Amino acid sequence: MFAVHLMAFYFTKLKEDQIKKVDRFLYHMRLSDETLLDIMARFQAEMQKGLGKDTNPTASVKMLPTFVRAIPDGSENGEFLSLDLGGSKFRVLKVQVSEEGKRNVQMESQFYPTPNEIIRGNGTELFEYVADCLADFMKTKDLMQKKLPLGLTFSFPCKQTKLEEGVLLSWTKKFKARGVQGTDVVSSLTNAMRKHKDLDVDILALVNDTVGTMMTCAYDDPYCEVGVIIGTGTNACYMEDMSNIELVEGDEGRMCINTEWGAFGDDGALEDIRTEFDQELDLGSLNPGKQLFEKMISGLYLGELVRLILLKMAKAGLLFGGKKSSALHIKGKIETRHVAAMEKYKEGLANTREILTDLGLEPSEADCIAVQHVCTIVSFRSANLCAAALAAILTRLRENKKLVRLHTTVGMDGTLYKIHPQYPKRLHKVVRKLVPNCDVRFLLSESGSTKGAAMVTAVASRVQAQRKQIDKVLALFRLTQEQLVGIRDKMRVELEYGLKRDTHPLATVKMLPTYVCGMPDGTEKGKFLALDLGGTNFRVLLMKIRSGRRSVRMYNKIFAIPLEIMQGTGEELFDHIVQCIADFLDYMGLKGAQLPLGFTFSFPCRQASIDKGTLIEWTKGFKATDCEGEDVVDMLREAIKRRNEFDLDIVAVVNDTVGTMMTCGYEDRNCEVGLIAGTGSNMCYMEEMRNIELVEGDEGKMCINTEWGGFGDNGCLDDIRTQYDKEVDEGSLNPGKQRYEKMTSGMYLGEIVRQILIDLTKQGLLFRGQISERLRTRGIFETKFLSQIESDRLALLQVRKILQQLGLDSTCEDSIVVKEVCGAVSRRAAELCGAGLAAIVEKRREDQGFEHLKITVGVDGTLYKLHPHFSRILQETVKELAPRCDVTFMLSEDGSGKGAALITAVAKRLQQARREN
Ligand code: BG6
Ligand code: BG6
Ligand code: GLC
Ligand code: GLC
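Values in this document were obtained by computation on a predicted structure and should not be read as measured data.

1. What to know about the UniProt feature "domain: Hexokinase C-terminal" (unreviewed entry) in the chain
Stage number 1. UniProt's entry tags residues 226-459 and 673-906 with the feature "domain: Hexokinase C-terminal" (unreviewed entry), counted in the numbering of this structure.
Stage number 2. Helix makes up 47% of residues 226-459 and strand 14%, with an end-to-end C-alpha separation of 19 Å.
Stage number 3. When the span residues 673-906 is considered, its composition is 49% helix and 14% strand, and the gap between its end C-alpha atoms is 18 Å.

Dropping the structure here:
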């Protein structure tokens, strides 16, 4: 009995002595709680640095955005291929996710070796090898005939700008293939796969193993928002608020960040805790100076650290009686699995003896105890360091969520964590001590990271399918060169129809003679009034023209025309106009003055002379009763009479296109075309009198108001009209009319966009499938919003703000789609307009028998002026479709009122001349 006690005492004493000895020797490796808290704080600062746009380039912890935005929600499904490369084992898998709505994942897999000559050889060969393994797997599993999406788990630091791309920043761990760093691994693998003609695989997602692990665990536990690997290497990812990720646009929701914490300390931040053993290990590694945190923690390095310590202790005579074996000198002879075996609770000591003996050493009992304790200190330090960094992440999560207590789950994987007998317990304990205000569940990923990668791929493939649907809709708005040529030629036919007496009555492009025959010659002078009705604004103007100098002084005032007046009775409308004139005269101090007046009236009028205009029909937003078929000049005169306050001499009624041409023509004599791309769309030009069959006489030229807005009203554009155009038409004030205008002008583009958005939402592709009240509201997209949304200078966030102002609660993805829709609709509008304009300038060139024509187009309208791309696309199209015309576009700065006044002045001059004759 006594002997037993004595033995026990002896053993305890022996153990104590050995432990003390090792503790003293490895004093520097034992980290106090304060040190751990300090490291935790340092890591918190590192994360912040990595997330900042300006600080990221110099940050050692790279905090890489992964473009994984949500954890699985159970709706994922399909069949996927998966590759898992970069951990201790390389696997190819087939993953079947959820059939018939159940959360269910089935996997079939095959391991393949990764010989050193492959992983440290030539990059091309590495990817070819991976592709070969994939092909082999597919053959054995009889998958060759299937086209399957693939998720690639690639456990190295990659810079991603989207899910299906990743530029390798640097190799870590055991890999060092040439020519891969700085290149996109997805395209490299895709290229390698091309060698296998029978392989039809689309790589949809690249994920880090930490991300895969988090997703795997999150499939079973929706609280999981962190993934940690403690295996060959070590690393962690977590869900960060988008608003904190400065490297990615958008601030909504969260995105998974791959911290690449293995590089913590690469800037010297951990020098105070690194030991001589860490330094020696680093020098002998494949990547000296890199992954310094990882080298204190992960499986690839722990065994080696133990070896270096044992060697040093032996040399110092503290172990094995000062004897060393040759095996102890060989790098890599002690592996992490040995460390784990030596630390086993019961068999540990026996294992230690066996392992040391295998290394050619002759360990005493005391040696075995000491070596076991070395292992404990090394692996304990590893767990402590991991715990400190993880605690920093958990604290960040808690602070992001502004919670007093965080309740969360951490997905775990990696051989060190899995096979080491004490590791998990220690790690959990230290984490809980460092962050007492977090309730953490540690969940072991049983099925590796590929299950999670398959979830990411499933979401990506759904997004891809949705993208296809969106593209299908947008494609309806894309016009080929051939189609545009066809439109130009059809327009040309319609122009000729409208000019000919026989075909004119049926023509959709009405080609209305305006009785404006000449340009101002500079001798015009006097004071004139002008009205400008039919565009966005109604204006009354006073113009003072000085002869000889081509200079005009203008005074004007904008008046509102309420909707109920635009769509009330004709009498009300004209009374309102006269009321505005009265106000203006009053305002200008011209009460009672009898001035000549030019009336810009931007609707189709049949004219028999310059001062007579019968409204054919209302267009755009006007619909006042009892006006169609009436002379608007008479209506205005009667309204003036009714008011009985002043008299005006109404000399001319002018379309806005004509006014615009005149305004510009006053400065550029080459200006023989007027174009409006505004609320409505129209064009006028100077035509040879001999071509105008409706008007007597063959001499000289006359301006023709084409009213091209009606182009297509006979169905000739039906092949390019979409369902959305038809919906817009049906909801308009003039269904079936002005079909070209409805595809090209500001009043309708927003409506087309709205119809598309409604349809995409119905298909579940936008706004989470919810059609809001606002989206149902006609007219919410004014031209100015379209212009703002499409502006290149606007960040996505601002687009989203505009949409929010419009009452559309959009995500960033939604905003991208809305912007694309706007772009497709406005591009088509500009191209259609360009095709129409090409028809006119070509006609003018041919009519005059010129090889080349130099011509100026006077332009006005909010769409042309405000939209960021419309004018450019319009001009490019004209150039393409009328290559023999040199067209200058001149923006009308002063509106068409000025032109109307000039026309009035010319008419006055001619009147005068007739009288004098
Ligand atoms: C596996 C994952 O379970 O763990 C891999 O599927 C990951 O993606 C690996 O890289 C990490 O552990 P180890 O020990 O193999 O590096
Ligand atoms: C103005 C002209 O500048 O532009 C108006 O003075 C014209 O006559 C208008 O109708 C066209 O643009 P919008 O966009 O106002 O319809
Ligand atoms: C290395 C890699 C990292 C990976 C980790 C675990 O640190 O750089 O991407 O997640 O190992 O495998
Ligand atoms: C409408 C009108 C037309 C006008 C154009 C631009 O198309 O019918 O007369 O020129 O809008 O305002």
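2. Re the pairing of strand β9 (residues 224-230)
Stage number 1. Judged by how many residues are buried, β9 sits mostly within the fold: seven of seven residues are covered.
Stage number 2. As defined by bridge partners, β9 adjoins strand β12 (residues 406-413) across five bridges and the pair is classed as parallel. Looking at the pairing, Val-226 lines up with Val-410 of β12.
Stage number 3. Relative to strand β10 (residues 234-241), β9 runs antiparallel, the two being bridged by five bridges. Along β10, the bridge assignment pairs Val-226 with Tyr-238.
Stage number 4. Hairpin connection between β9 and β10: a loop of three residues separates the two successive antiparallel strands.

3. Remarks on the site of ligand 3
Stage number 1. Around ligand 3, a shell composed of 15 residues is seen, among which Lys-173, Asn-208, Asp-209, Glu-260 and Glu-294 lie nearest.
Stage number 2. One nitrogen or oxygen atom from the main chain of Ser-155 is found 3.4 Å from an oxygen atom belonging to ligand 3.
Stage number 3. Phe-156 places a main-chain nitrogen or oxygen 3.4 Å from an oxygen atom of ligand 3.
Stage number 4. Going through the elements one at a time, α6 (209-220) and β10 are the ones with two or more residues in the shell around ligand 3.

4. Focus on the sheet that holds strand β17 (residues 551-559)
Stage number 1. Strand order in the open sheet made by the five strands is β17-β16-β15-β18-β21, with mixed pairing throughout. At either margin of the open sheet sits one strand with a lone partner, and together these are β17 and β21 (649-654). Sheet twist, expressed as the mean angle between neighbouring strand axes with direction ignored, is 20°.
Stage number 2. Where strand β15 (residues 526-533) meets strand β18 (residues 596-601), five bridges bridge the pair, whose relative direction is parallel. Its bridge partner lying in β18, Asp-532 is registered against Thr-600.

5. What to know about a nonpolar patch on the surface
Stage number 1. Residues Met-7, Tyr-10 and Phe-11 make up a contiguous nonpolar surface patch of about 330 Å² in total accessible area.
Stage number 2. Within the secondary structure layout, Met-7 lies in helix α1 (residues 2-25).

6. Digging into the sheet that holds strand β11 (residues 254-258)
Stage number 1. The six strands lie next to each other as β1-β11-β10-β9-β12-β13, forming an open sheet whose pairing is mixed. Unpaired on one side and paired on the other, β1 (64-65) and β13 (438-444) mark the two borders of the sheet.
Stage number 2. By the bridge criterion, five bridges tie β10 to β11 in an arrangement that is antiparallel. By the bridge assignment, Met-239 is partnered in β11 with Cys-256.
Stage number 3. Each of β9, β10, β11, β12 and β13 is contacted by α6, which is oriented at about 130° to β9, the strand it contacts most.

Rules used throughout
- Residues numbered from 1 in each chain as written.
- Chains lettered and ligands numbered in written order.
- Predicted model: local features only at pLDDT ≥ 70, side-chain atom pairs only at ≥ 80, totals over all residues.
- Heavy atoms only, no water.
- UniProt positions renumbered as here; feature names shortened; annotations may be inferred.
- Helix = DSSP H or I, 4+ residues; strand = E, 2+ residues; numbered from the N terminus.
- Buried < 20%, exposed > 50% of the residue type's maximum accessible area, 1.4 Å probe, protein only.
- Pairing = 2+ DSSP bridges.
- Near = heavy atom within 4 Å.
- Polar contact = N/O pair within 3.5 Å; in protein donor to acceptor, adjacent residues only side chain to side chain.
- Axes fitted to C-alpha atoms, helices over the stretch in contact; angles between N-to-C directions.
- Patch = residues over 30% accessible without salt bridge, like charges linked within 9 Å, V, L, I, M, F, W, Y side chains within 5 Å.
- Areas by Shrake-Rupley, 256 points an atom, 1.4 Å probe, with all protein chains shown as cover.
- Salt bridge = Lys/Arg side-chain N within 4 Å of Asp/Glu carboxyl O.
- Contact = heavy atoms within 4.5 Å.

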